[in-house]
Structure formats: C-alpha cells, structure tokens
Amino acid sequence: MNAATKAIAAQGLARRAFSLGAVKAFDQALQFLLPVVLVRCLDGATFGEYRLLWLAVGTVMALATLGMPGALYYFLPRSDAPTRRLYIHQTLAFLATTGLLAALIVSPLNPWLPATLHPLAKYGALVPAFVALWVVSVLLDFLPTIEERIPLQAYATISVAVARALLVAGGAWFTADMSVILWLLLATALLKLALLLGYIGRFHGWGQPWFSGPLFAGQVKYTAPFGFSSACYVLRSQADQWVAATLFTLHSFAAFSIAAILGQLVNIFRTSVVEAFMPSMSRMEAAGDFKSMMEMNARANAMVGMLLLPLLGFVFAFAEDLVSVVYTASYVDAAPVMRVYIVGMVALVVELSSVLQLLRQGMFSLGMNVAVLACAVPLSWFGGLELGLPGAAAGSVTALYLDRLIVLRRIAAISGVPVREQQHWRSFGRYLAWTAGATLTAWLTVRYLFDDAPHVVRLIVGAATLGALYCAGNWKRFR
C-alpha cells in the first residue's frame, strides 16, 4: 500500500469514526437529557430506583455478555460468509442463555438477592424480563459496525435511542410511576430485539448449522479471558457506585450516579473511534504489522484527546453550575464527585483494551483487572466512609492510572514498540497544557466578572472563553 492509498484509507477511517461518533453522541445526548426530565418528574427515592436499575443492568451486561459481541471484531473480518453466520448464531444463542440466567439472578425469586437491590424487587417480573431482553439485543450495538454497514448502525441506534427517551420521559411526565417506566423500557427492548433479528435475517439468514462444537470452543477460548477481564474492568468502574448505593440513601446515590453519567461523554469519543479503527487494526495485526497497528491506535487516541480534554476541563471548572442548571440544585452534591471522576477520565483518553484484544493478551488482562479491582473496592469503601460521596469515587480513579501504567509496559514487551512510541505523548501534553490554561482563564473570568450572574450566564461565558482560547492554541490541528 503506497502513501497516497494509506492517506485515503486514513481519511475514510476518520470519517467513519466521526460518523459513528455523531450517532453515539446523539444517543448519549438523549440518555443525558432523559435524567434531566426524570429529576423534575420523580421524587428523589424513585429517581434513585431508576438509577439503581441501570447500575444493575450495567453490571449484568458486563458479566452476562462475556465480551462475545465485541469479540466478533476479531472473528468476522477474517471469516467467509457461512462461518460468519455461524459465529453470529452462536453468539446470539449464548446471549439468550446468559440473559435468562441473569434475569433469574436479579429476580425476586433469587433467595440471595443483594440487599442493595431490594428496592427493585417490588416490581416483580418486570426487571428480570427487561434484563433478559436487553442482554440478547446488545448484539445490535456491534454487528452492523463490525460488518462496516455504518448507515444501518446509525438507523438502528437512533431508532432505539429515540424510542427509549420518548417512552420513558413520557411515562415519567404523565405518571411519575416506576412500574410504568419499566413497562415502557420493556417495549424498547422488544423493539431493539426485533431490529436485531431483522438484520440477521436480511444479511445472514437463519440456515443451519446453528452450532459447531469446535468453532464455539475456539470462540469461547479466545473470548472468555477478555470477557472476564472486561467484566472486572466494568465492575472496577462501577464499584464506587455500588459502594455509594450501599452506604448512602437512594437520594444521595442518585446524586452520585449523576456524576457518573459524565463517563458516557468519554465513551462517546472512545467507543466510536475504536469501533471505526478496529477492523483495520485487526487486519494489520493479522499481517504481523504491529508498528502500524500501534500507530493507528495512537492516532485514534490523539483524536479523542484533542476533543475530549477541553470538555473535561470545562466540567471540572463549572461543575456546580452545570448540575444546578441540568439536574436542579437538589443534586448539587454530584459536583465534587464529578471533579474526582474527571481526574480519572484524563487517563481514559489513552485507550488500550483494543490493542490487548488484538494481541490476544486475554489472560494477562484478566489477571491485571482482578488485581486492580481488589485494590479499587477497599479504596472506594474506605473513601466513602471517611470522605463521603467524593471519597467513594477514589477507588476507580486510582485504578485507572494503575491500569494504564501496567498495560503500556505489557504492550511494549509483547509488540516490541517502546512506551515512548506507543502514543503521541507530545500531542497529549500540548492538549492538556492548553486545556489547563484555558480552563483556569475561563474560571477566573467568571469568578471575578460574573460571580453573581445566573448559572446559565456563567456557563455561557465560561464555555466561550475556554473554547476560544483552546481553539486559538490548536487552530492548525482543527483544520
């Protein structure tokens, strides 16, 4: 491949990443706005139940899927059509099985149901039914992108996002009843499942064979270490929320979970860019071109850093104003927690899990995440007891930096690419320095010139000041 062809390919990948990013941004914007409606329609305890539901669902999704949908990034690009269909059918059957098991675990029929989830038990079969359908239908979030059908992925994602937002917001607005909200979430899950089954039927069909023992064994052997590792990673990031849900009231947990919503902003950039670059990175790894694979990962992370860091700086400086405007002053306790999370999210700019997956470092990743999880939980528990809500976030933030330090060194040992060459560190430093300077200037401007202004005015002035300074310093890179 000559230089011109590589440049064209890189431009195509960038466009694909931005397209996926726009779709995911729309999806996340709706899910970000949904709690804005809910906090104004539901009392603190009911909103806490809603956030507790999604915390439970997030944990179930980490454990029940075992990373099977994401592992198709490895299998499908290098398989012929019949084998691709078999991989998809096996993944769907696996998700159906684990989804039913997860539904039983979160149901009131489980005699060992954790006390933290008891507030949801009164809704009977609604919670387990939703969990089962949501687990099975998660394949729709991956399959069109893996097969590079970006427009179809966009239509599917937007359809489900709009349906979920409108139904849940409408149910909360007119009834303020959690039971009604659960019925509407169940309808959304059924829509998502129908779209998934229609996609598979249209592009792959339902012909036999449905299962191959040797093929499935290879699929699980490759996927399981990454699945368990990913589950540990998610549990690590959610440990502080479970600590908050256990130690504090539902209203306080709701405020804490609002701060955690900020993580969705990071995932908009990280996930869309990684999904766009991953198929090409997979082909490079298959050809043994580790240096090009790492260069592509570095380019993707630099793109994320350029866009994400100033947004994190803005939220850090104006957290109280943002929470007051978006979620009302009743949840202003979320602001200090947000600042703690932002310190950790700076490390998330450097995405490395895709590289570990392509290098088949599943067992290493699993062992590392288990060890880091063992450190994160006690830290969050101790921080929550001693420092309150912000302290409960300390464990996951500490774990993020420990994770990155270990993984960078492991990749260097496996790929032969030194740590100093794995990422565009100079670009990261530049973006971080400009973010810090622009954020401080914006905060001082608002603090001394608009201290008594309404929250909205303070946010507008702060955003304009920060954005102007940051863009001025990085103008050539935006062009």
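Residues numbered from 1 in each chain as written. Predicted model: local features only at pLDDT ≥ 70, side-chain atom pairs only at ≥ 80, totals over all residues. Heavy atoms only, no water.

S.K.: Help me understand the nonpolar core, please; the structure alone is not making it clear to me.
M.R.: It is characteristic of soluble globular proteins that their nonpolar side chains tend to be buried jointly. Among the nonpolar cores identified, the biggest contains 141 residues, and Phe47, Tyr50, Leu53, Leu139, Leu185, Tyr327 and Tyr331 are the most heavily contacted of them. Once residues within four sequence positions are removed from consideration, Tyr50 is found in contact with Leu34, Leu38, Arg164, Val168, Met178, Ile181 and Leu185. (Core = buried A, V, L, I, M, F, W, Y, C linked by side-chain atoms within 4.5 Å. Buried < 20%, exposed > 50% of the residue type's maximum accessible area, 1.4 Å probe, protein only. Contact = heavy atoms within 4.5 Å.)

S.K.: Sorry, what's going on with the environment of Val160 here?
M.R.: Relative to the helices and strands, Val160 resides in helix α8 (residues 150-175). Sequence separation between Val160 and Lys192 is 32 residues; the distance between their C-alpha atoms is 6.1 Å. Setting aside anything within four residues of it in sequence, one finds Val160 in contact with Trp134, Leu140, Thr188, Lys192 and Leu195. (Helix = DSSP H or I, 4+ residues; strand = E, 2+ residues; numbered from the N terminus.)

S.K.: Please clarify how the pattern of salt bridges should be interpreted in this entry.
M.R.: Close approach of charged atoms allows side chains with opposite charge to pair. For the coordinates displayed, the defined rule picks out eight salt bridges. Between Asp141 and Lys192 there is a salt bridge, and its shortest N-O distance comes to 2.9 Å. Taken together, the positions of Asp141 in the loop between α6 (126-137) and α7 (143-146) and Lys192 in helix α9 (residues 178-203) put the pair 51 residues apart, joining distant regions of the chain. For Asp141, a relative accessible area of 28% translates into the label partly exposed. In this structure Lys192 comes out as buried when scored by relative accessible area, which is 4%. Between Arg149 and Glu147 there is a salt bridge, and its shortest N-O distance comes to 2.7 Å. Taking the relative accessible area as the measure of exposure, Glu147 reaches 16% and is therefore buried. (Salt bridge = Lys/Arg side-chain N within 4 Å of Asp/Glu carboxyl O.)

S.K.: Looking at this model, I keep getting lost on the packing of helix α14 (residues 319-327) against helix α22 (residues 455-473). Mind explaining?
M.R.: Close contact between α14 and α22 brings their axes to 9 Å; oriented N to C, the two are set at 130°. In terms of their interaxial angle, α14 and α22 are classed as oblique. Like other packed secondary-structure pairs, α14 and α22 cross with a definite hand, here left-handed. Every residue of α22 that contacts α14 at Asp321, Leu322, Ser324 and Val325 is listed here: His455, Val456, Arg458 and Leu459. A class-by-class count of the residues in the contact of α14 with α22 yields four nonpolar, two polar and two charged. (Axes fitted to C-alpha atoms, helices over the stretch in contact; angles between N-to-C directions. Parallel < 35°, antiparallel > 145°, perpendicular 65-115°, else oblique. Left-handed = near helix turned anticlockwise from the far one by under 90°. Nonpolar A, V, L, I, M, F, W, Y, C, P; charged D, E, K, R; others polar.)

S.K.: Help me out: how do you make sense of the packing of aromatic side chains in this one?
M.R.: Any two aromatic rings considered together are summarised by their centre-to-centre distance and by the angle between their planes. Counted under the stated rule, the structure contains 14 aromatic pairs. Connected via pairs of aromatic rings, a cluster forms that spans Tyr74, Phe75, Tyr87 and Tyr222. One residue, Arg339, lies across the ring of Phe316, its end atom 5.8 Å from the ring centre. It is Arg447 that lies over the ring of Tyr448; its NZ or CZ is 5.5 Å from the centre. (Phe/Tyr/Trp six-rings, centres within 6.5 Å; stacked < 30°, edge-to-face > 60°. Lys NZ or Arg CZ within 6 Å of the ring centre and 35° of its normal.)

S.K.: Is there a simple way to think about the side chain of Ser415 in this case?
M.R.: Among the structural elements, Ser415 can be located in helix α19 (residues 394-415). In this structure Ser415 comes out as buried when scored by relative accessible area, which is 13%. A distance of 2.7 Å separates the side chain of Ser415 from the backbone oxygen of Ile411, its partner in a polar contact. (Polar contact = N/O pair within 3.5 Å; in protein donor to acceptor, adjacent residues only side chain to side chain.)

S.K.: What is the right way to look at α6 in this model?
M.R.: The periodicity of an α-helix, 3.6 residues per turn, causes residues three or four positions apart to be oriented the same way. Here α6 contains twelve residues, and its C-alpha end-to-end distance of 17 Å stays within 8% of the 16 Å for a straight helix at 1.5 Å per residue. With eleven of twelve residues buried, α6 lies mostly within the body of the structure. Listing the buried residues of α6 in full gives Leu126, Val127, Pro128, Phe130, Val131, Ala132, Leu133, Trp134, Val135, Val136 and Ser137. Tucked into the core, α6 has its buried residues touching α2 (44-64), α4 (81-106), α5 (118-121), α8 and α9. (Expected span 1.5 Å × (residues − 1).)

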